[in-house]
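Structure at a glance
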Amino acid sequence: GAVVSQHPSWVICKSGTSVKIECRSLDFQATTMFWYRQFPKQSLMLMATSNEGSKATYEQGVEKDKFLINHASLTLSTLTVTSAHPEDSSFYICSATTGEGEAIVSNQPQHFGDGTRLSIL
Amino acid sequence: AQSVTQPDIHITVSEGASLELRCNYSYGATPYLFWYVQSPGQGLQLLLKYFSGDTLVQGIKGFEAEFKRSQSSFNLRKPSVHWSDAAEYFCAVGAGNTDKLIFGTGTRLQVFP
């Protein structure tokens, strides 16, 4: 159980285009979803937290207009990288949980997708 | 603010040898502690977690970790490493009143036959 599917797994596109990445919880309803960015051989950097039906909460330094997050249902969140440039190339990982707030870290852990490798030419 | 330090960037062991990956955290109260494993090009899989109670925690794939408050550590151990254990390992800490995990920089494990 607790499967999170991320699509696409790999995308290459031209500079200036927008790219949408989907994160789906397949067998549970995800109250909260997280989006992370991971640079090569580095740790995960939290970009934003999204709750179904409300605006995402972005971490300091993350451009809201650049990285659009939509959590339209309890099983789907999308991250759109708008007007992507080579510096946006990275590995993007989503996670989903049934918890909210402290419950997420206390007893309802995050389940991670397999990530999306984004390459901007 | 809470933080996590994984002192070892890269560890190499022989198959069948024992393994210990170090993790130190910084947080004023009792933290929630996690170990995740990431295979190349994939997401993270939860190995084990500590919330309270017994300080020795058993996880999947034969891993265990011990919470030592006096040393602010949560080291991951395995008695006998298999070649399939080669991966990146991340320690993470979560704190009360928050829904966020703070990840360490990771330790890359290589296993030689």
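Residues numbered from 1 in each chain as written. Chains lettered and ligands numbered in written order. Predicted model: local features only at pLDDT ≥ 70, side-chain atom pairs only at ≥ 80, totals over all residues. Heavy atoms only, no water.

This part covers the overall build of chain B. Summing up its helical and strand segments, chain B has zero helices and twelve strands in all. Counting from the amino terminus, helix and strand elements in chain B follow one another as β-β-β-β-β-β-β-β-β-β-β-β. On the principal axes, the C-alpha backbone points of chain B span a range of 45 × 30 × 20 Å. Relative to its 113 residues, chain B shows a buried fraction of 46%. Considering only contacts within chain B whose residues lie at least 6 apart along the sequence, 53% involve residues at least 24 apart. In the form shown here, chain B has an accessible surface area of approximately 5,300 Å², with 49% of it arising from carbon and sulfur atoms. Each charge sign in chain B was given a centre, from 9 positive and 9 negative side chains, and these centres are 4 Å apart. (Helix = DSSP H or I, 4+ residues; strand = E, 2+ residues; numbered from the N terminus. Buried < 20%, exposed > 50% of the residue type's maximum accessible area, 1.4 Å probe, protein only. Contact = heavy atoms within 4.5 Å. Areas by Shrake-Rupley, 256 points an atom, 1.4 Å probe, with all protein chains shown as cover. Lys, Arg positive; Asp, Glu negative; His and termini not counted. Charge placed at Lys NZ, Arg CZ, Asp CG, Glu CD.)

With that settled, consider the packing of aromatic side chains. Here a ring pair, both rings aromatic, is described through the centre-centre distance and the interplanar angle of the planes. Taken as a whole and judged by the stated rule, the model has 15 aromatic pairs over all chains. Ring geometry for A:Phe112 against B:Tyr36: centres 5.2 Å apart, planes inclined by 80°, an arrangement best described as edge-to-face. Taken together, the residues span two chains, with A:Phe112 in strand S10 (residues 111-112) and B:Tyr36 in strand S5 (residues 32-38). Both residues of the pair, A:Phe112 and B:Tyr36, belong to the buried class. Arranged with centres 5.6 Å apart and planes meeting at 50°, the rings of B:Phe63 and B:Tyr89 form a pair that is tilted. In this pair, B:Phe63 is assigned in the loop between strand S7 (56-58) and strand S8 (64-68) and B:Tyr89 in strand S10 (residues 87-94), connecting sequence segments 26 residues apart. Per residue, the accessibility class of B:Phe63 equals that of B:Tyr89, and both read buried. (Phe/Tyr/Trp six-rings, centres within 6.5 Å; stacked < 30°, edge-to-face > 60°.)

Residues and elements named next belong to chain B. Evaluation of the coordinates by the stated rule reveals eight salt bridges over all chains. One salt bridge in this structure joins Arg22 and Asp8, with 2.9 Å as the shortest N-O distance. Separated by 14 residues along the polypeptide, Arg22 in the loop between strand S3 (19-21) and strand S4 (24-26) and Asp8 in the loop between strand S1 (3-5) and strand S2 (10-14) bring together distant segments of the chain. Taking the shortest distance from any N to any O, the salt bridge between Arg77 and Glu66 comes out at 3.2 Å. (Salt bridge = Lys/Arg side-chain N within 4 Å of Asp/Glu carboxyl O.)

To continue, consider the pairing of strand S5 (residues 44-51) of chain A. Residue and element names in this part refer to chain A. Burial of S5 is extensive: six of the eight residues sit out of reach of the surface. A loop of five residues connects strand S4 (residues 32-38) with S5, the two strands running antiparallel in sequence, and Lys41 in this loop sits at a positive phi of about 60°. Note that S5 and strand S6 (residues 57-58) share two bridges and pair antiparallel. Each bridged residue has a counterpart across the sheet, and for Thr49 the counterpart in S6 is Thr57. As consecutive antiparallel partners, S5 and S6 are separated by five residues, and within that stretch Gly53 has a phi angle of approximately 85°, a positive value. (Pairing = 2+ DSSP bridges.)

On to the environment of B:Val93. Residues and elements named next belong to chain B. Structurally, the position occupied by Val93 is in strand S10. With 66 residues separating them along the chain, Val93 and Tyr27 place their C-alpha atoms 8.7 Å apart. Residue contacts for Val93: discarding those within four places in its chain leaves Gln2, Ser3, Val4, Pro31, Tyr32, Leu33, Lys100, Leu101 and Ile102.

Bringing the state of the cysteines into the picture now. Tallied over the entire structure, the rule returns two disulfides over all chains. Across the disulfide, B:Cys23 is cross-linked to B:Cys91 (sulfur-sulfur distance 2.0 Å). Here B:Cys23 and B:Cys91 share a disulfide; its torsion about the S-S bond, -65°, makes the bridge left-handed. Taken together, the residues B:Cys23 in the loop between S3 and S4 and B:Cys91 in strand S10 connect sequence positions 68 residues apart. The exposure classification of B:Cys23 matches that of B:Cys91, with both residues buried. Free cysteine A:Cys13: the closest other cysteine sulfur is in A:Cys94, separated by 18 Å. (Disulfide = S-S within 2.5 Å.)

A:His7 connects to A:Pro8 through a cis peptide bond whose omega is 0°. Not every positive phi belongs to a glycine, and B:Lys61 is a case in point at roughly 60°. One non-glycine residue, B:Ser72, lies in positive phi territory at about 50°. Relative to the helices and strands, B:Ser72 is located in the loop between S8 and strand S9 (73-78).

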